[in-house]
Amino acid sequence: MTTLNDAVHWSAELGGGARVALVQAGTFRSDAGALLGPVPRILWDRLVQDEIDGEHRLLQALNCLLVETPGGRVLVETGIGERLADKARGMRGVEGDPIVPTLRRAGFDPASVDVVAVSHLHFDHAGGILTAGGARAFPRASFVAQRAEWEIALGENPRLVASYDQPELRLVRDLGLRDAADGERELLPGVSVIPTGGHSAGHQGVLVRGRTMTLAFFGDLCMRPWSANPRWVTAFDDFPLDSVAAKASLFGRAADEGWTVVLSHEPVHPVGRLVPDRDRFRYEPVV
Ligand SMILES: [Zn+2]
């Protein structure tokens, strides 16, 4: 394991020339009750004592992965980005550098990214596709989300569209529809997206298979350590029963095959493993 510099939270060689770096594109805050969804407060209260603020919000990191392979570079997630209005930034408690300056500090030129893949199109994952001035932040990159996600994100269901910034998504819709995935797709040799649904209709995970290590990013199906329990889903999950089923199946594979897992919003211990624990899983951090 090597740390490139202080902009890189964690990095690892996966074998066969594949390497991954975790960069955190700032933080924001979300309501604790909404994040813990259907779970009774008495079960989660003690887990959040250290980070809950006066407005009952938790600190959520915007974890992004830069995957390097002999075939090219993939960026997983773009965070909130530079375009959110000041009022919304204040309401959501956004702090820290967005993805482009964070990547530069980590030593990666945004123009060297070949593929950008996002787990889904909610504002805190797809907000960094454009720069503040409206140019493409990753000018050479294709942009891969699931086609099912685009359809629901640009649709009209009032419950489902609340988490999407539709005016922003319309600006990148042509790029997004050009490269959209219909199910599982290998982006580059060893790097694949796999549809999961659940959190959103077209939510997807990313798997990176190196020669010695497999890394899994399950997006917002596995955002914090407590997400390891398949039944602990957020109130933001639009299809919670699908989340429970997808988590049980994917986490089982991750545990069986010893995958390294990166959590989408965990600020402190974002890299770990899933371990079977009675009828659920437990998250054990490695950093
Ligand atoms: Zn999220």
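As the structure is a prediction and not an experimental result, all values here were calculated from the model. (Residues numbered from 1 in each chain as written. Predicted model: local features only at pLDDT ≥ 70, side-chain atom pairs only at ≥ 80, totals over all residues.)

Description of the pairing of strand S8 (residues 191-195)
Only one face of S8 is covered, namely the one carrying Val191, Val193 and Pro195; the face carrying Ser192 and Ile194 has none of its residues buried. Bridge count for strand S7 (residues 185-188) against S8 is three bridges, and the pairing is antiparallel. When the sheet's bridge partners are listed, Arg185 is paired in S8 with Val193. Adjacent in sequence and paired antiparallel, S7 and S8 are bridged by two residues, among which Gly190 carries a positive phi angle near 90 degrees. Where S8 lies against strand S9 (residues 204-209), five bridges are found, and the strand directions are antiparallel. Bridge assignment links Val193 to a residue of S9, and that residue is Val206. (Buried ≥ 20, exposed ≤ 12 C-beta atoms within 10 Å, placed from the backbone. Helix = DSSP H or I, 4+ residues; strand = E, 2+ residues; numbered from the N terminus. Pairing = 2+ DSSP bridges.)

A word on the environment of Leu221
Within the secondary structure layout, Leu221 lies in the loop between strand S10 (214-217) and helix H9 (240-257). Residue Leu221 is classed as buried on the basis of its C-beta count, with 28 C-beta atoms lying within 10 Å. When the C-alpha positions of Leu221 and Asp237 are compared, they lie 8.5 Å apart, and in sequence the two are 16 residues distant. Contact partners of Leu221, with chain neighbours within four places excluded, come to Thr196, Gly198, His199, His203, Ser227, Ser243, Ala246 and Lys247. (Contact = placed C-beta atoms within 7 Å.)

Focus on the nonpolar core
Ranked by internal contacts, the top residues of the largest apolar core, which has 76 residues, are Leu65, Val76, Val116, Ala117, Val208 and Val261. Ranked by the residues each element gives to this core, the list is headed by strand S2 (residues 18-31), at seven residues. (Core = buried A, V, L, I, M, F, W, Y, C linked by C-beta atoms within 7 Å.)

A short note on the sheet that holds S8
A sheet is described by the order of its strands in space; here seven strands give the open sequence S7-S8-S9-S10-S11-S12-S13, paired in mixed fashion. Of all strands in the sheet, those bounded by a partner on one side alone are S7 and strand S13 (280-285). Strand-to-strand twist of the sheet, defined as the mean angle between neighbouring strand axes without regard to direction, takes the value 30 degrees. Alignment of strand S12 (residues 271-277) against S13, held across six bridges, turns out to be antiparallel. Each residue of the ladder has a partner; that of Val275, found in S13, is Arg282. Each of S9, S10, strand S11 (260-262), S12 and S13 is contacted by H9, which is oriented at about 100 degrees to S12, the strand it contacts most. (Axes fitted to C-alpha atoms, helices over the stretch in contact; angles between N-to-C directions.)

In short, geometric facts, not functional conclusions.
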